[in-house]
Amino acid sequence: MKKYLIAGNWKMNLLQNDAQIFGNNLNNELLNRNLSDSEVLVCAPFTNLFTLKNIQNETLWALGAQNMHFADSGAYTGEVSPLMLKDAGCEYVILGHSERRQYFGEDNELLTKKINSALHHSLKPIFCIGETIEERNNNITFDILHHQLEVLKNVEPHQISNITIAYEPVWAIGTGLTANSKQIAEVHSWINNYLQINFSTSLKILYGGSMNAGNSAEILAIDNVSGGLIGGASLKLDQFLQIVDNAIQLT
Ligand code: 13P
């Protein structure tokens, strides 16, 4: 039986008041549902973390961040450390999101430091990988994913099981275009094989990219899809809950 992780990535959205309303309503709504072994996660902007920590029913949903610095503390103006994320109630942290790779130049070297630091501090990384449309059209999707996954070879073997992978084709993020079921099945199966061959293990592999209330049931039912990393549709509680309900129905 699948155990799903339904994760919202709010990106740079929602002010404190909206976050508070969302968090309180999420508590109430999830109380009426039987999540069994599935998990719900909200990855909020740094400024909302303490607010959410203070209202969160931890038995119902987890809190995560969208990025972090690898150092514990120091002269890194504008950055937030893993210790600060722990302090603010985070259990998870998204690392290597394509927007971080694209706009902030995050590469394998930096992401190796970030992943190892997160694991050292018992934060669970959601490690994002995915190809651009040019890369897909040039038939180098699997070369790109292979290169991005090389980061995991620098993680201590006993820590690998604490990592979640998110496959987010860059061309499907925020565009309304989702990868079709065949494309998702192909890539998720390839990632699963890669993990088996290199680490003799399976990890949760989330799909992300224009997942919404309407398409989530079909996507979540695909083999080797163990959840979703949801951007736009995670900002509206009713849509987010519909995705959660679709996951519940599949378990
Ligand atoms: P959208 O769901 O808005 O396409 O965003 C996906 C994403 O980037 C989640 O991390």
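Residues numbered from 1 in each chain as written. Predicted model: local features only at pLDDT ≥ 70, side-chain atom pairs only at ≥ 80, totals over all residues. Heavy atoms only, no water.

**Q** Is there a simple way to explain the overall build of the protein chain in this structure?
**A** Summing up its helical and strand segments, the protein chain has 10 helices and 8 strands in all. For the protein chain, the C-alpha radius of gyration of 17 Å lies close to 18 Å, the compact-globule estimate for 251 residues. Judged by the C-alpha coordinates and their principal axes, the protein chain covers about 45 × 45 × 35 Å. Here the protein chain, with 251 residues, has 52% of them falling under the buried criterion. Considering only contacts within the protein chain whose residues lie at least 6 apart along the sequence, 72% involve residues at least 24 apart. In the form shown here, the protein chain has an accessible surface area of approximately 11500 Å², with 48% of it arising from carbon and sulfur atoms. Looking at charge distribution, the protein chain has the averaged site of its 16 positive side-chain charges lying 2 Å from that of its 25 negative ones. (Helix = DSSP H or I, 4+ residues; strand = E, 2+ residues; numbered from the N terminus. Rg over C-alpha atoms; globule rule 2.2 N^0.38 Å. Buried < 20%, exposed > 50% of the residue type's maximum accessible area, 1.4 Å probe, protein only. Contact = heavy atoms within 4.5 Å. Areas by Shrake-Rupley, 256 points an atom, 1.4 Å probe, with all protein chains shown as cover. Lys, Arg positive; Asp, Glu negative; His and termini not counted. Charge placed at Lys NZ, Arg CZ, Asp CG, Glu CD.)

**Q** Looking at this structure, I do not really get the sheet that holds strand β7 (residues 205-208). What am I missing?
**A** Pairing between the strands of a sheet comes from backbone hydrogen bonds, and it takes one of two forms, parallel or antiparallel. Strands sit in the order β1-β2-β3-β4-β5-β6-β7-β8 around a closed barrel of 8 strands; the barrel is parallel. Within this sheet the neighbouring strands show an average axis-to-axis angle of 25°, counted without direction. Helix-sheet contacts for helix α7 (residues 141-149) involve β5 (124-129) and β6 (164-167), and the interaxial angle to β5 is about 155°. Of the strands in this sheet, β1 (5-9), β2 (39-43) and β8 (227-230) are in contact with helix α10 (residues 237-250), which crosses β1 at around 165°. (Pairing = 2+ DSSP bridges. Axes fitted to C-alpha atoms, helices over the stretch in contact; angles between N-to-C directions.)

**Q** Sorry, what's going on with the pattern of salt bridges here?
**A** Once their charged atoms are close, side chains differing in charge can pair, the charge on each being opposite to the other. The final tally for this structure, using the stated rule, is 8 salt bridges. Residue Arg33 pairs with Asp245 through a salt bridge whose shortest N-O separation is 2.6 Å. Residue Arg33 is located in the loop between α1 (16-31) and β2, and its partner Asp245 is located in helix α10; the two are separated by 212 residues in the primary sequence. Classification of Asp245 as partly exposed rests on a relative accessible area of 21%. One continuous salt-bridge network, built from bridges that share partners, spans Glu29, Arg33 and Asp245. (Salt bridge = Lys/Arg side-chain N within 4 Å of Asp/Glu carboxyl O.)

**Q** Whenever I open this one, the packing of aromatic side chains confuses me. Can you help?
**A** Pairs of aromatic rings are described using the distance from one ring centre to the other and the angle between the two planes. The tally for this structure, following the rule as stated, stands at 6 aromatic pairs. Residues Phe22 and Phe240 carry aromatic rings whose centres are separated by 6.3 Å and whose planes lie at 45° to one another, so their mutual orientation is tilted. Residue Phe22 is located in helix α1, and its partner Phe240 is located in helix α10; the two are separated by 218 residues in the primary sequence. For the pair Phe142 and Trp190, a centre-to-centre distance of 5.2 Å together with 35° between the ring planes defines the contact as tilted. Taken as a pair, Phe142 in helix α7 and Trp190 in helix α8 (residues 181-199) lie far apart in primary sequence, 48 residues in all. The class of Phe142 is partly exposed, set by a relative accessible area of 26%. Three or more aromatic residues joined by ring pairs make a cluster, and in this case those are Phe142, Trp190, Tyr194 and Phe199. Sitting over the face of the ring of Phe104, Arg100 holds its NZ or CZ atom 4.0 Å from the ring centroid. (Phe/Tyr/Trp six-rings, centres within 6.5 Å; stacked < 30°, edge-to-face > 60°. Lys NZ or Arg CZ within 6 Å of the ring centre and 35° of its normal.)

**Q** How should I be thinking about the site of the ligand in this particular structure?
**A** Taken together, Asn9, Lys11, His97, Glu168, Ala172, Ile173, Gly174, Gly209, Ser210, Leu229, Gly231 and Gly232 make up all the residues around the ligand. For the ligand, whose unbound accessible area comes to 310 Å², protein coverage reaches 94%. In terms of residue class, the shell around the ligand is built from 3 nonpolar, 7 polar and 2 charged. (Near = heavy atom within 4 Å. Nonpolar A, V, L, I, M, F, W, Y, C, P; charged D, E, K, R; others polar.)

**Q** What should I look at first to understand the nonpolar core in this one?
**A** The nonpolar side chains of soluble globular proteins are, as a tendency, buried together. Membership of the largest hydrophobic core comes to 65 residues, with the highest contact counts inside it found for Ile163 and Ile165. Counting residues per element, this core draws most heavily on α10, which supplies 6 residues. The contact partners of Ile165, leaving out residues within four places of it in the chain, are Phe127, Ile129, Leu149, Leu152, Ile191, Leu195, Leu203, Lys204, Ile205 and Leu206. Core analysis: the next-biggest nonpolar cluster, separate from the first, contains 12 residues, Tyr92, Ile94, Ala166 and Leu229 among them. (Core = buried A, V, L, I, M, F, W, Y, C linked by side-chain atoms within 4.5 Å.)

**Q** How should the environment of Leu26 be read in this particular structure?
**A** Locating Leu26 in the fold gives a position in helix α1. Excluding residues within four positions of it along the chain, Leu26 makes contact with Val42, Trp61, Leu237 and Leu241.

**Q** Help me understand the layout of surface pockets in this model?
**A** Taking a probe equal in size to a water molecule and rolling it over the atoms shows the remaining empty space. The volume enclosed by the largest pocket comes to roughly 480 Å³. Every residue lining the largest pocket is counted, 17 residues in all, and those nearest its centre are Lys11, Met12, Gln66, Arg100 and Phe104. Looking at the lining of the largest pocket, the element that brings in the most residues is helix α4 (residues 98-104), giving 4 residues. Considered class by class, the residues forming the lining of the largest pocket number 8 nonpolar, 5 polar and 4 charged. Volume-wise, the second largest pocket comes out at about 240 Å³. As for the second largest pocket, its lining consists of 16 residues, and the residues nearest its centre are Arg101, Gly130, Thr132, Gln148 and Val170. (1 Å grid on protein atoms, 1.4 Å probe; cavity = no way out; pocket = protein on both sides within 12 Å on 5 of 7 lines; lining within 4 Å. Points joined across faces, edges and corners; volume = space filled by probe spheres on them.)

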